[in-house]
Amino acid sequence: MRLQTLIQFTSMKIIDGKAIAEKIKNEIKAEVAAIIDRDERAPHLAAILVGNDPASETYVASKDRNCKALGITSSLYKLDAKTTEEELLKVIHFINNDPDIDGLIVQQPLPSHINPDKVIEAISPAKDVDGFHPLNVGKMAIGLPTFLPATPMGIVEMIRREGIETEGKHVVVLGRSNIVGTPIATMLSRKGNPGNATVTLCHSKTANLKELCLQADVLIAAIGKPGFVTADMVKPGAVVIDVGIHRISDNSEKGYHIAGDVDFAEVSKIASAITPVPGGVGLMTIAALIMNTMKAFKKEL
Ligand code: GUN
């Protein structure tokens, strides 16, 4: 085992999410330029942000910056934290009926007085570039073409472009959220490439978590706990995908650093490939959201 570990270590690959996302964005930039050259209006993505959650503000600002850099129109509807559910639904209906807006996301989490299910159901399924509407989730579950949620779609795109084999492999997913864990488990277990995997979806009530993780050929950590996945939970040679993004206070000039759900320093010694945080899945999420916006613009679904 030690020799095998050594071989794996020397061939370990850090999956460069930044480079893959840049490539996708360059492809889209050229496509948008061609659309504008034909005197058509640019694709348009709208985002609604309710309140001042710092992580949400960062995500929405990044989406806005990335869209604009590619020539995609981006508009932000920033609503006060005290906005009522009814007021928010009115803004959603307004955007649903605006023919010049192709895609709409409502940033989560929402303030606790607003029912997120009601909000998601109010978004037109044809503009639901987050892929959160029950109609689109249902289509995904039975394999019909639809908007796939951005984070799992970004992971699948990353796996595809890296040439990582999933057919017949054991994929273990940590975390069953509607945004990441549940959809990635569905997507990788369905027929396709990537896909055709045997998937185990683990959550807070899973027994023998470590034993299951040790069986994973591909381990996807979306559990929301910094450094949760340690080296003793990973099979030598496994592919490790880290979805976590956590701000950890430290004594650096900035006062913090960003870490994932995986203990990168130790796990990278035994994995065959691993995504870094930052620089991994996070950048792919934005790229996938923009891919969905293009689909909405082209009315492909
Ligand atoms: N909050 C965390 N991730 C996401 C996402 O992908 N979309 C939305 N709307 N909210 C989020």
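Above this text sits the structure in question.
Just so you know, these numbers come straight off a predicted model, no measurement behind them. Residue indices begin from 1 for each chain and proceed along its sequence in written order. Note on the predicted model: pLDDT of at least 70 is required for a residue's local features to be given, and 80 or more for side-chain atom pairs to be given and counted; whole-chain, interface and lining totals, by contrast, use all residues. Each side-chain value is worked out from all heavy atoms of the structure, with water and hydrogens disregarded.

Draft legend 1. Highlighting the state of the cysteines. Here, the term disulfide refers to a pair of cysteine sulfur atoms separated by no more than 2.5 Å. Scanning all chains against the criterion turns up 0 disulfides. Just so you know, Cys213 is unpaired, no disulfide at all, and the nearest cysteine sulfur is the one on Cys202, 5.6 Å from it.

Draft legend 2. Representation of the sheet that holds strand β8 (residues 239-242). For two strands to be treated as a pair, DSSP must find no fewer than two bridges joining them. In this text, helices come from DSSP runs of H or I with a minimum length of four residues, and strands from runs of E with a minimum of two, each type numbered from the N-terminal end. Read from one edge to the other, the open sheet built from 6 strands follows the order β1-β11-β8-β7-β5-β6, with strand pairing classed as parallel. Since the sheet does not close on itself, it has two edges, and those belong to β1 (13-14) and β6 (198-202), each with one partner. With 5 bridges connecting them, strand β5 (residues 170-174) and β6 associate as parallel partners. Bridge pairing in β6 places His170 opposite Thr198. Note on definitions: a residue-residue contact is assigned when non-hydrogen atoms from the two residues lie within 4.5 Å. Here an axis means a line fitted to C-alpha atoms, over the contact stretch when the element is a helix, while the angle between two N-to-C directions is reported on a 0 to 180 degree scale. Against the sheet, helix α8 (residues 181-189) contacts β5, β6 and β7 (218-221), and its axis sits at roughly 170° relative to β6.

Draft legend 3. Inspection of the pattern of salt bridges at higher detail. Any Lys or Arg side-chain nitrogen located within 4 Å of an Asp or Glu carboxyl oxygen qualifies as a salt bridge. Applying the stated rule across the entire model yields 17 salt bridges. When the shortest N-O distance is used, the salt bridge between Lys25 and Glu22 registers 3.4 Å. Here the residue Lys25 and the residue Glu22 both occupy positions in helix α2 (residues 17-37), the gap between them amounting to 3 residues, near one helical turn. Using a 1.4 Å probe on the protein chains alone, a residue whose accessible area is under 20% of its type maximum counts as buried, one over 50% counts as exposed, and one in between counts as partly exposed. Its relative accessible area of 12% is what places Lys25 among the buried residues. Salt bridges here are not isolated pairs; linked through shared partners, they connect Lys23, Glu27, Glu157, Arg160 and Arg161.

Draft legend 4. Just the packing of aromatic side chains, in detail. Paired rings are identified among Phe, Tyr and Trp, the last through its six-membered ring, by centres lying within 6.5 Å, and are further divided according to the angle between planes into stacked (under 30 degrees), edge-to-face (over 60) and tilted (the rest). In the structure shown here, the tally under the stated rule is 0 aromatic pairs. Here, a charge over a ring means that NZ of Lys or CZ of Arg falls within 6 Å of the ring centre while also lying within 35 degrees of the ring normal. The aromatic ring of Tyr256 is capped on one face by Arg247, whose charged end is 4.3 Å from the ring centroid.

Draft legend 5. Main features of the side chain of His44. Note on placement: His44 falls in strand β2 (residues 44-50). The term polar contact refers here to a pair of N or O atoms within 3.5 Å; inside protein, the definition further demands a hydrogen-donor-capable atom paired with an acceptor-capable atom, and it admits residues adjacent in sequence only when both atoms are side-chain atoms. Within the local environment of His44, its side chain forms a polar contact with the side chain of Ser75, the two groups lying 2.7 Å apart.

Draft legend 6. Inspection of α8 at higher detail. With respect to burial, α8 is a largely interior element, 7 of its 9 residues being buried. Close packing links the buried residues of α8 with α6 (134-141), α7 (150-162), β5, β6 and β7.

Draft legend 7. Expanded view of the pairing of strand β10 (residues 256-259). Sheet topology places strand β9 (residues 246-249) next to β10; 4 bridges connect them, and they run antiparallel. For Ile248, the partnering residue across the bridge sits in β10 and is His257. Hairpin connection of β9 to β10: 6 residues between the antiparallel strands, including Gly255 at a positive phi of 90°.

Draft legend 8. Layout of the sheet that holds β2. Spatially, 3 strands are ordered β3-β2-β4 in an open sheet, and the strand pairing comes out parallel. Across the chains shown, the open sheet's two edge strands, defined by having one partner strand only, are β3 (73-79) and β4 (103-106). Mean inter-strand twist for the sheet, computed between neighbouring axes without regard to direction, equals 15°. Where β2 lies against β3, 7 bridges are found, and the strand directions are parallel. Paired with Val50 across the strands is Leu79, a residue of β3. The sheet contacts of helix α3 (residues 54-69) involve β2, β3 and β4, and relative to β2 the element is tilted by about 165°.

Draft legend 9. Layout of the site of the ligand. If a single non-hydrogen atom of a residue is within 4 Å of a molecule or strand, that residue counts as near it. Every residue near the ligand is listed here: Tyr59, Val106, Gln107, Gln108, Asp130 and Phe132. Residue Asp130 places a side-chain N or O atom 2.6 Å away from a nitrogen atom belonging to the ligand. The fraction of the free accessible surface of the ligand (280 Å²) that becomes covered by protein chains is 83%. Here the accessible surface of atoms and residues is derived via Shrake-Rupley with a 1.4 Å probe, and residues count as covered only by protein chains that are part of the display.

Draft legend 10. Region of the structure containing α3. Taking 1.5 Å of rise per residue, 16 residues should cover 22 Å, and α3 covers 23 Å from first to last C-alpha, within 8% of that figure. Inspection of α3 places Ser56, Val60, Ser62, Lys63, Asn66 and Cys67 among the buried residues, and these make up the whole buried set. Angularly, the buried residues of α3 cover 160° about the axis, an arc narrow enough to put them on a single face. Exposed positions of α3 whose direction lies more than 90 degrees from the buried face are Pro54, Arg65 and Lys68. Buried residues along α3 sit against α2, β2, β3, β4 and α11 (281-297). Multiply 1.5 Å by the residue count of a helix minus one, and that product is the helix's expected span. Here, the arc refers to the directions that run from the helix axis to the C-beta atoms.

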